[in-house]
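Analysis of the macromolecular model
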Amino acid sequence: DTGVSQDPRHKITKRGQNVTFRCDPISEHNRLYWYRQTLGQGPEFLTYFQNEAQLEKSRLLSDRFSAERPKGSFSTLEIQRTEQGDSAMYLCASSSSSYEQYFGPGTRLTVT
Amino acid sequence: RKEVEQDPGPFNVPEGATVAFNCTYSNSASQSFFWYRQDCRKEPKLLMSVYSSGNEDGRFTAQLNRASQYISLLIRDSKLSDSATYLCVVPRGGNKLTFGTGTQLKVEL
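This is a predicted model, so every value here is computed, not measured.

Below, the discussion takes up the sheet that holds strand β7 (residues 65-68) of chain A. Residues and elements named next belong to chain A. Taken together, the four strands give an open sheet; going across it, the order is β1-β3-β8-β7, and neighbouring strands pair in antiparallel fashion. Of all strands in the sheet, those bounded by a partner on one side alone are β1 (5-7) and β7. Strand-to-strand twist of the sheet, defined as the mean angle between neighbouring strand axes without regard to direction, takes the value 15 degrees. Sheet topology note: the strand β3 (residues 19-24)/strand β8 (residues 75-79) ladder contains five bridges and is antiparallel. Within β8, the residue paired with C23 across the bridge is S75.

With that out of the way, let us pick up the sheet that holds strand β6 (residues 54-57) of chain B. Residue and element names in this part refer to chain B. As summarised here, the arrangement of the five strands in space is β1-β3-β8-β7-β6, forming an open sheet in which the pairing is antiparallel. The open sheet is flanked by β1 (4-6) and β6, the only strands paired with a single partner. Along the sheet, successive strands turn relative to each other by an average axial angle of 15 degrees, direction set aside. Pairing of strand β3 (residues 19-25) with strand β8 (residues 70-75), which is carried by six bridges, proceeds in the antiparallel orientation. Opposite F21, over in β8, you have L73 as the bridge partner.

So, on to empty space enclosed by the protein. Residue and element names in this part refer to chain B. Taken as a whole and assessed by the stated rule, the structure comprises one cavity of 30 Å³ or more. Roughly 50 Å³ of internal volume is contained in the largest cavity. Along its surface, the largest cavity is lined by E3, V4, S26, N27, V90, P91, R92 and T98. With three residues, strand β9 (residues 84-92) is the single largest residue contributor to the lining of the largest cavity.

The rules behind the values
- Residues numbered from 1 in each chain as written.
- Chains lettered and ligands numbered in written order.
- Predicted model: local features only at pLDDT ≥ 70, side-chain atom pairs only at ≥ 80, totals over all residues.
- Heavy atoms only, no water.
- Pairing = 2+ DSSP bridges.
- Helix = DSSP H or I, 4+ residues; strand = E, 2+ residues; numbered from the N terminus.
- Axes fitted to C-alpha atoms, helices over the stretch in contact; angles between N-to-C directions.
- 1 Å grid on protein atoms, 1.4 Å probe; cavity = no way out; pocket = protein on both sides within 12 Å on 5 of 7 lines; lining within 4 Å.
- Points joined across faces, edges and corners; volume = space filled by probe spheres on them.

Take it as geometry only, folks, not as evidence of what the structure does.
Here is the structure:
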């Protein structure tokens with residue numbers, strides 16, 4: 001399977017714990033995006049990498065959130081001191097030079 | 001005005017029917033548009049790209065009206081497997097995608 005992959009697919013954590021998600025983009029894609037989706041809403045942009053450079057961050061991305069893409073390949077999204085409002089589906093997408101983005105299966109986070 | 005607006009539905013249609021969804025956008029400078037399909041608890045999947053006045057792919061037709069700032073998606077001869085949420089998407093500077101809330105379609109026997 002040469003699509004975008006994400007790990008884990010599901011994560012249940014207690015409030016206050018830290019969590020980290022991983023995304024492996026399509027291998028020839030240099031652009032990687034993170035989105036968050038809650039029930040009944042479309043995905044909302046969080047952050048964007050071109051190669052290893054993080055070029056944009058949404059105001060949705062509080063100081064508790066950090067994303068990295070150290071070698072321009074896979075990316076990680078960490079949430080520190082999780083809150084119940086962080087419960088959502090976290091989606092990763094990748095693209096080449098076009099606007100067409102391809103999404104991974106997502107990581108569903110539940111904060112109890 | 002929201003950046004991208006869609007009627008959430010649901011649209012309940014019989015198999016074989018033709019159904020159309022509209023989407024309005026606020027940024028008149030937008031040049032390209034997308035329709036994504038999302039099945040329940042799955043990731044969005046690219047359905048169609050619209051770069052000029054429209055695009056057609058089999059039973060699916062997307063049309064763009066720049067003057068009125070709306071995009072439509074027409075599905076002909078709808079099938080049970082078309083049941084999903086259809087997301088209207090408009091890129092916003094720096095390759096960010098802005099999604100509508102989606103329109104839910106239910107195709108029934």
